[in-house]
Amino acid sequence: MALQFLYLVTFLLAVLPPTLARNNCSIETFQAFLDANGTAARVVYARHYAENSTFVNPNISSVTNPTQLPAACAIQVNATTDVNTHFSFGVFLPDTWNERFFHAAQEGEDINWVDMAVGLRYGFASVATDTGHTGSDMDGDWWKNPESINDWAWRANHLTSVLGKFLVERFYGQKPKYNYFAGCSTGGRQAMKETQKFPRDYDGVIAACPAWWTTHQQLYNLKQTTYQAPQGSDHTIPMEMFAVIGAEAIRQCDPQDGLVDNIISDPLGCHFDYLPLLCTETKNTSCLTGPQIETLHKIYNDWVETNQTFVYTHPHYGSEAMWNESGVIGNGSVGNEDSQLWYPQHILGLANFTVQDFDYSVVQYADQTDPGNSSANSYDLAEFYRHGGKLIHYHGHSDAIVPPGIGLYYRDHMAATLAPQGIDIDDFYRFFAIPGMEHCYHTPSTMGAPWYIAGPTQASTLSSSLYSVPGYQDAKHDIFLALINWVENGTAPDYIIGSRFNSSVEYTSRTIDKQRPICAYPKLAQYVGSGDIDDAANFECKALY
């Protein structure tokens, strides 16, 4: 009898108008939707959260749980693809919906509930996927099935988009009016992949610090570790010298933007002189030897191969604070190198690969195979443009993991691809280079740059309950609201005002003590010559070159 009753409930939920099931946040409700659609998926969690609740991830304890939620229904779905691989995705459905859909990219680990919750606070129905595995991309054995690499690279995001929109439509009784996607790092790559492979999935996309060229990016991160190896060589720069090099970079490169404020705004325009760092007869501490200067040259210059074949760009002056982070440059230790072997060993399938095997042929092999078609290296966004899509691409000048020059490389190649088709990239694309910002967020303590422009990734890294910019919730200060304003009102953002918080304990109650415009490339914020340098009103966007 109980089983017959369950079948009856399932049938009624499948055939009744969606609005009648709107407030029924249950596994049965959503399973009925999926079953009626013939979708191979199982709803494993459904719960309604009252306003100001804390979300408790039902299956995973390793991620940040968002707090102070708006009233919403949360569900988790385990789906099976047509090639018999599996992925999971989550959905937040707010009680008060703004008729928009938001997809938070997976940032390398599990379902991104915390960034989904940021979208929820704006009023969006939000989704995210684990791309087919739990834990870090670098862990586990999920990659042993080549089709699972496709899930990780693009398929899980696209199917989550399709299924997520379907569930939203069934739950609310109408399709979303606008669809948005945002992510940083590998999530930025996912964002760019969506614009290229599925250009009609989204109306507006934010690709932050995107690691878009997978076949080169992951091997470049390994290449970085080799500059210092082996540990203790005469060319190895001691890690304590990174701060000295960073201070010298600020000393030389800060004034070149016309304002001495400990912020390097124009690292590309800096003519850096290495000699002040060189050890001499009278200067033999806190300095670099000739071989160490040669290592520094390698770090600060592009990776090129025979006949000046470009492989990857270099970190900018001002990125030195990141060099001692795991997997960046480090001290040349074996452990530092080994942390970057996951891509050749797992994704490329070179199980016995070691650092000693590393040469340019590995890059060539990666380009030939591109497992999962993971590189977002198509420059032809004509269909995304014709669909009416808008793409905001931003990068931190102080990012040493995914150096910002690779973002400019993509911009230039996209422009060259679209120009013969009569498409001006300014009609749908903006690139913002953020002075002093590291990878996705934060700034070196020596700079204190106003890097915060909101959006899901930035807000969630500061607080489990933060969204937008407290006191400045508008399209001039919030990159997410700027994208919405562009998509829905046709107003392109020529600048975003970056903010810096003071040192109070809670970000939601912090005051903002510094703001500055971040100009769409190639313009740069320049001081007008008078007034408070912490006030954005005293800067204007100008072309330097």
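Named according to an unreviewed UniProt entry, the protein is Carboxylic ester hydrolase originating from Aspergillus niger. In UniProt, the protein has this text filed under Sequence similarities (unreviewed entry): "Belongs to the tannase family."

With respect to the helices and strands, Ala-537 occurs in the loop between strand E14 (523-527) and strand E15 (539-543). Taking the C-alpha atoms as reference, Ala-537 lies 9.7 Å from Ile-497; in sequence the two are 40 residues apart.

By the criterion of burial, strand E13 (residues 512-519) is predominantly enclosed, with seven of the eight residues buried. The pairing of strand E12 (residues 495-501) with E13 spans seven bridges and is antiparallel. Residue pairing for E13: Gly-498 is matched across the bridge by Arg-516.

Quick look at the pattern of salt bridges now. Inspection of every chain in the model, using the stated rule, returns 12 salt bridges. Two residues, Asp-151 and Arg-155, come together in a salt bridge whose shortest N-O distance is 2.6 Å. With a gap of four residues between them, Asp-151 and Arg-155 both fall in helix H4 (residues 146-172), about one helical turn apart. Take Asp-151 and Arg-155: they sit in the same class, and that class is buried. Residue Arg-200 pairs with Glu-383 through a salt bridge whose shortest N-O separation is 3.5 Å. Of this pair, Arg-200 sits in the loop between helix H5 (186-197) and strand E7 (204-208) while Glu-383 sits in helix H12 (residues 382-386), placing them 183 residues apart in sequence. For Arg-200, a relative accessible area of 54% gives the class exposed.

By the secondary structure assignment, His-346 is in helix H10 (residues 342-347). By relative accessible area, which is 18% here, His-346 ends up buried. Here His-346 is in contact with Met-138, Trp-143 and Leu-341, once residues within four sequence places are set aside.

Further remarks concern the packing of aromatic side chains. Scanning the model with the defined rule gives 47 aromatic pairs in all. Measuring from centroid to centroid gives 5.4 Å for Tyr-49 and Phe-55, while their planes differ by 55 degrees, and the two rings are tilted. Considered together, Tyr-49 and Phe-55 belong to a single accessibility category, that of buried residues. Arranged with centres 5.6 Å apart and planes meeting at 45 degrees, the rings of Trp-142 and Trp-152 form a pair that is tilted. With Trp-142 in the loop between strand E5 (125-129) and H4 and Trp-152 in helix H4, the pair connects residues that are 10 residues apart, well separated along the chain. Classification of Trp-142 by relative accessible area gives buried; the value is 11%. Linked through ring pairs, Phe-102, Tyr-122, Phe-124, Tyr-180, Tyr-467 and Phe-480 together constitute an aromatic cluster. For Arg-155, the ring lying beneath its charged end belongs to Trp-154, and the centroid distance is 5.6 Å. Over the face of the ring belonging to Trp-152 we find Arg-189, whose NZ or CZ atom lies 5.1 Å from the ring centre.

With 93% of its residues at a pLDDT of 70 or more, the protein shows a mean pLDDT of 91. Low pLDDT, under 50, characterises residues 1-21; the predicted model gives this stretch 24 contacts beyond four residues in sequence or across chains.

This part takes up the state of the cysteines. Applying the stated rule across the entire model yields five disulfides. Cys-25 shares a disulfide with Cys-73; S-S distance 2.0 Å. In this structure the cystine formed by Cys-25 and Cys-73 twists about its S-S bond by roughly 80 degrees; its chirality is therefore right-handed. In this pair, Cys-25 is assigned in the loop between helix H1 (2-15) and helix H2 (27-36) and Cys-73 in strand E2 (residues 72-80), connecting sequence segments 48 residues apart. Comparing Cys-25 with Cys-73, the two get one shared label, buried.

Calculation notes
Residues numbered from 1 in each chain as written. Predicted model: local features only at pLDDT ≥ 70, side-chain atom pairs only at ≥ 80, totals over all residues. Heavy atoms only, no water. UniProt positions renumbered as here; feature names shortened; annotations may be inferred. Helix = DSSP H or I, 4+ residues; strand = E, 2+ residues; numbered from the N terminus. Buried < 20%, exposed > 50% of the residue type's maximum accessible area, 1.4 Å probe, protein only. Pairing = 2+ DSSP bridges. Salt bridge = Lys/Arg side-chain N within 4 Å of Asp/Glu carboxyl O. Contact = heavy atoms within 4.5 Å. Phe/Tyr/Trp six-rings, centres within 6.5 Å; stacked < 30°, edge-to-face > 60°. Lys NZ or Arg CZ within 6 Å of the ring centre and 35° of its normal. pLDDT = per-residue confidence, 0-100. Disulfide = S-S within 2.5 Å.

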